[in-house]
Amino acid sequence: MGLASAGARPARAVSPVHLPNANVFLIHSALGQTWADNTYATLMTGVSWRTASIQMFGRRIPSPRLTAWVGDHAYTYSRLTWPPARWGTTLRAIRQRVEELTGTSFNGVLLNLYRNGYDSMGWHSDDEPELGRHPVIASLSLGAPRRFVFRALENHAHKYRLTLNHDSLLIMSGETQSYWQHALPKTSKPVAARINLTFRWIDG
């Protein structure tokens with residue numbers, strides 16, 4: 001995937017993440033300070049957040065974060081199907097901005113609210129069949145910075161760590177999901193809330 005002009009933002013705002021068999025970029029200041037701050041405040045109170053359940057070790061347990069799904073189609077992951085909620089003005093505008101930055105169309109967004117350092121996301125790849133063979137995943141971070149980790153599927157000791165700051169957009173495309181897993185680990189350090197918007201295309 002080639003990045004679009006990033007809305008005329010300077011090239012220094014885009015940082016490649018050098019992983020073999022992957023195509024990963026990090027865009028800084030994706031929305032701009034004011035837009036990002038306002039969006040964070042709006043989504044904190046304006047989204048119907050819910051605690052989902054995930055399949056782990058043969059049983060379902062509460063997910064360690066709050067989640068919502070907005071899109072044109074239902075979405076199934078971890079054996080749980082989310083009916084689509086309608087796009088509102090805020091998310092529709094952000095989707096348009098993310099599409100401008102990536103040169104890619106998206107018809108769904110998975111929203112996650114990490115309330116503190118104890119909320120997390122375990123190791124996984126975004127490789128559900130409805131995402132296609134080489135999905136483009138665009139992940140916008142709002143709020144407190146959190147550590148994000150990649151590990152190679154064939155060698156779990158091979159890891160790459162980076163920090164996702166407020167208003168950063170992580171783009172994963174190409175064969176990334178076939179060769180790498182990613183996670184947002186817990187942290188014992190005091191940390192404020194973080195919202196993550198993960199845009200994707202769902203085959204309907």
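Relevant structure appears above.
What you see is a predicted model, and the numbers here were worked out from it, not measured in a lab. (Residues numbered from 1 in each chain as written. Predicted model: local features only at pLDDT ≥ 70, side-chain atom pairs only at ≥ 80, totals over all residues. Heavy atoms only, no water.)

Some thoughts on the pairing of strand S14 (residues 180–184)
And then number 1: Across the five residues that make up S14, a large majority, five, are buried.
And then number 2: Residues Trp180, His182 and Leu184 line one face of S14 and the alternating positions Gln181 and Ala183 line the opposite face, and both faces are buried.
And then number 3: Taken together, the two bridges between strand S9 (residues 121–124) and S14 define a ladder with antiparallel strand orientation. Bridging from a neighbouring strand, His124 pairs with His182 of S14.
And then number 4: Judged from the four bridges that link them, strand S11 (residues 146–152) and S14 form a sheet pairing that is antiparallel. The residue bridging Ala152 from the neighbouring strand is Trp180, located in S14. (Buried < 20%, exposed > 50% of the residue type's maximum accessible area, 1.4 Å probe, protein only. Helix = DSSP H or I, 4+ residues; strand = E, 2+ residues; numbered from the N terminus. Pairing = 2+ DSSP bridges.)

Regarding the sheet that holds strand S12 (residues 159–164)
And then number 1: Ordered in space as S9-S14-S11-S12, the four strands form an open sheet in which the pairing is antiparallel. For this open sheet the edge positions go to S9 and S12, each flanked by a neighbour on one side alone. Averaged over all pairs of adjacent strands, the angle between their axes in this sheet comes to 15°, without regard to strand direction.
And then number 2: Relative to S12, S11 is paired through six bridges, and the arrangement is antiparallel. Across the sheet, the residue bridging to Phe150 is Tyr160, located in S12. (Axes fitted to C-alpha atoms, helices over the stretch in contact; angles between N-to-C directions.)

Focus on unusual backbone geometry
And then number 1: Of note in this structure, Asn21 is not a glycine but carries a positive phi near 55°.
And then number 2: Summarising the element assignment, Asn21 is placed in the loop between strand S1 (14–17) and strand S2 (23–27).
And then number 3: Of note, Asp167 is a non-glycine position whose phi angle comes to about 70°, a positive value.
And then number 4: The topology assignment puts Asp167 in the loop between S12 and strand S13 (168–173).
And then number 5: Of the residues examined, Asp167 reaches a relative accessible area of 4% and is grouped as buried.

Some thoughts on the nonpolar core
And then number 1: Ranked by internal contacts, the top residues of the largest apolar core, which has 31 residues, are Leu111, Leu169, Leu197 and Phe199.
And then number 2: Among the elements of the structure, S2, helix H1 (33–46), strand S5 (66–71), helix H2 (89–102), strand S8 (108–114), strand S10 (137–143), S13 and strand S15 (194–200) are those that each provide at least two residues to this core.
And then number 3: Per-element tally for this core: the top contributor is H2, with four residues.
And then number 4: With residues up to four places along the chain from it excluded, the contact list for Leu197 reads Leu43, Leu91, Ile94, Val109, Leu110, Leu111, Ala138, Ser139, Leu140 and Leu142.
And then number 5: In terms of nonpolar packing, the next biggest core, distinct from the first, is built from 25 residues, Leu19, Ala152, Met172 and Leu184 among them. (Core = buried A, V, L, I, M, F, W, Y, C linked by side-chain atoms within 4.5 Å. Contact = heavy atoms within 4.5 Å.)

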